[in-house]
Amino acid sequence: MTDIQLTESQQAAIRALMRDEGVIPPPLHLARNAVLRNDQVERDRALRDPDGFWREQAAGVEWMTPFSEVSRIEPPEHQWFTGGKLNASANCLDRHVHGGRRNTAALIWIGEDGEEHTYTYARLYREVNRFANALKRLGVGKGDRVVVYMPLVPEGIITMLACARLGAIHSVVYAGMGTQALRSRIEDSGARIVVCSDYTFRRGKSIPLKPTVDESVRDSAQVEWVVVHRRGSRPGDEPVSFESEREVDFYDIQEAGEIHCEPEPMDAEDPLFILYTSGTTGRPKGVVHATGGYMVGVTYLARAFYQIGDQDIYWSTSDIGWIVGHSFIVYGPLSIGATVLVREGVPDYPSADVTWELCERFGVNVMFTAPTAVRMWMSHGPDAPGRYDLSRLRLVACAGEPLNPEAHRWAQRNLVGQSDGMVVDNWWQTEIAGPVLGTLPTFEARPGKVGKPMPGVVADVVSKDGEPLPAGQGGLLVLRRPLPYMLRTVWGDHARYLKYWEQLPGMYTAGDIAVRDNDGYFAVLGRADDVMNVAGHRIGTADVEGSLVRHPSVGEAAVIGLPDPVKGERIKAFVVLRKGVEAGPGLVASLKDHVRQDLGPIAQPSEIEVRESLPKTRSGKIVRRYLKAIELGEDPGDLSTLAD
Ligand code: AMP
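The structure displayed is predicted, hence computed values, not measured ones. (Residues numbered from 1 in each chain as written. Predicted model: local features only at pLDDT ≥ 70, side-chain atom pairs only at ≥ 80, totals over all residues. Heavy atoms only, no water.)

Visitor: So what about the pairing of strand 7 (residues 169-172)? Which residues, and what values?
Guide: In strand 7, alternate side chains face the same way, and those of Ile169 and Ser171 on one face and His170 and Val172 on the other are all buried. Both strand 6 (residues 145-149) and strand 7 contribute to a ladder of four bridges, which runs parallel. Each residue of the ladder has a partner; that of Val148, found in strand 7, is Val172. Where the polypeptide runs from strand 6 across helix 7 (residues 154-166) and back to strand 7, its parallel neighbour, the crossover connection is right-handed. (Buried < 20%, exposed > 50% of the residue type's maximum accessible area, 1.4 Å probe, protein only. Helix = DSSP H or I, 4+ residues; strand = E, 2+ residues; numbered from the N terminus. Pairing = 2+ DSSP bridges. Right-handed = clockwise from strand over helix to strand, strands pointing away.)

Have a look at this one:
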């Protein structure tokens, strides 16, 4: 018996997974052209000679100074490509501009209203260089942090690459996050510069972003400059005004004549970016990725996992605010010289057909999306994709949350059916910036299971004490060896980084529950900790609880994730009001609105229940597991530790 407490639904899921019904064989044409044609040989080789394996992958990146050593590994510490120097922006731009792809489209940007702009590699190079010089004039240099609060616009990508060019560390904050979330990230990173857009557009509406930035930096002596990318207001929008002398316009600070900014030679281990994610405490966790290992990882995986070629049109429906956007909108595909389609807005507006219309129009070859999006498309029926020519779409990769078998099969039939292509699942996280477990087009997909470890990955499922568990038993997902594209530290809090490796000595604990089948396929069942996954986004219960108790009416709060047919999970909150506060009409709405302002719409609970008390242990810890079991109508298990 495993000692990890699995819910009844997780146990049922494992029983179903072990029955293994309806596998999907890899299409011959994909298997034949796959980059890792013989994945098992690669896996064995990477196990025997990891340094040799990664040395080979490092050749996919252009080095300014060659590295002297592939790896120095003493978990929890690990260094890669020591002595090597490189620049991520030079890898994404200069080598293509000088190497015959200068007139190839790097980005095709599409607005929700159909506005369209194409950036060739040459144009993107110029824009990045100009903006890098502009940042330099504002005093930005190597090692400085720059917070980016921009939607999926070319200027956001330009800002990231300009920072990388200067060796500045960007920290992109998803432009749907609220004031408190943004403020805490600016403060934690110690950024002196914030680059933002004035508006984003979603479902035909203009959503102002600048007021959130204004509010977040109002009393900040730390922030010296706010660079505003003004998009021009639409009818009815308030034109954004500059509130103080520290605000400057994105385009005003650039000089048209400048087309070159020398890329800073960065040590392989120098940080490339910080990306904040939710942990189990309310404090944001600044995951730090190192330039060399990250670039080697995402360059290799763009080809070897996603099968993106430099002739391909590749579309990821993610956003630069998430790790998927960093690795597989920006750095991975641009490093290999692909053409990346980026679209601002939601995938079913202005019509349920818009995604397929664009796939047909641009001849999209590879798509990266989330299970939530697939389930949303499913809810519109199979006719929409069937009305379009998707014969070039050969691979659809899904990540971010479990891909349920129904959604997997639906996508296989309706999205890649025309091309005899393949839908592949892949597992990774902010901390590990590219696929770790996944299905390659060289072996069969087993819906409900992510797939097998990528070459170089040593993954296992273990008990609470770190004992390996046999097939069919759920346990903790761990990695036994670091990867080059894995975090090096948590910004400003190395002790918090060490926790990943200390929960089980010598292993990296991912925080997920997983199970393996008899053939070594892994299935990831959900989080093992107090983190929820709403529409593929990680949200800490502690973040939402922290926000609720900041509301003047709330004394205590407990938050749980409940199953949702489209989003995977939805948020339910339980609150105990402060003494003397009446649960009048409008209270719940005001609490929801408060969380929305504070953390952003994705963290807003769909349901809030006012209670007299919350179930707690004798030591006073809220037992969310109990609340969840009751909500799901399941057995809450051992209650002997409850206070009453
Ligand atoms: P994030 O760091 O926000 O990208 O979230 C990472 C978390 O999302 C992982 O720890 C998993 O809980 C979940 N996740 C990501 N990809 C998958 C997948 N393919 N299957 C199941 N869960 C996934």
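Structure's up, so let's keep going.
Visitor: Quick one: what's the story with the sheet that holds strand 23 (residues 459-462), residue by residue and with numbers?
Guide: Taken together, four strands build an open sheet; the order of strands is 23-24-26-27 and the sheet is antiparallel. Only two strands of the sheet have a single partner each, and these edge strands are strand 23 and strand 27 (522-527). Taking the axes of each pair of neighbouring strands and ignoring which way they run, one obtains an average angle of 45° across the sheet. Both strand 24 (residues 475-479) and strand 26 (residues 508-516) contribute to a ladder of four bridges, which runs antiparallel. Across the sheet, residue Leu479 finds its bridge partner in strand 26, namely Tyr508. Seen against the sheet, helix 1 (residues 8-19) touches strand 26 and strand 27 and runs at an angle of roughly 170° to strand 27. (Axes fitted to C-alpha atoms, helices over the stretch in contact; angles between N-to-C directions. Contact = heavy atoms within 4.5 Å.)

Visitor: Before we move on, could you go through the site of the ligand and cite the residues and values that matter?
Guide: Around the ligand sit 16 residues in total, of which Asn426, Thr430, Asp512, Arg527 and Arg538 are the nearest. Here a nitrogen atom of the ligand and a backbone polar atom of Glu401 are 3.3 Å apart. A distance of 2.5 Å separates an oxygen atom of the ligand from a polar atom in the side chain of Thr430. Here the ligand loses 94% of its free accessible area of 500 Å² to cover by the protein chains. (Near = heavy atom within 4 Å. Polar contact = N/O pair within 3.5 Å; in protein donor to acceptor, adjacent residues only side chain to side chain. Areas by Shrake-Rupley, 256 points an atom, 1.4 Å probe, with all protein chains shown as cover.)

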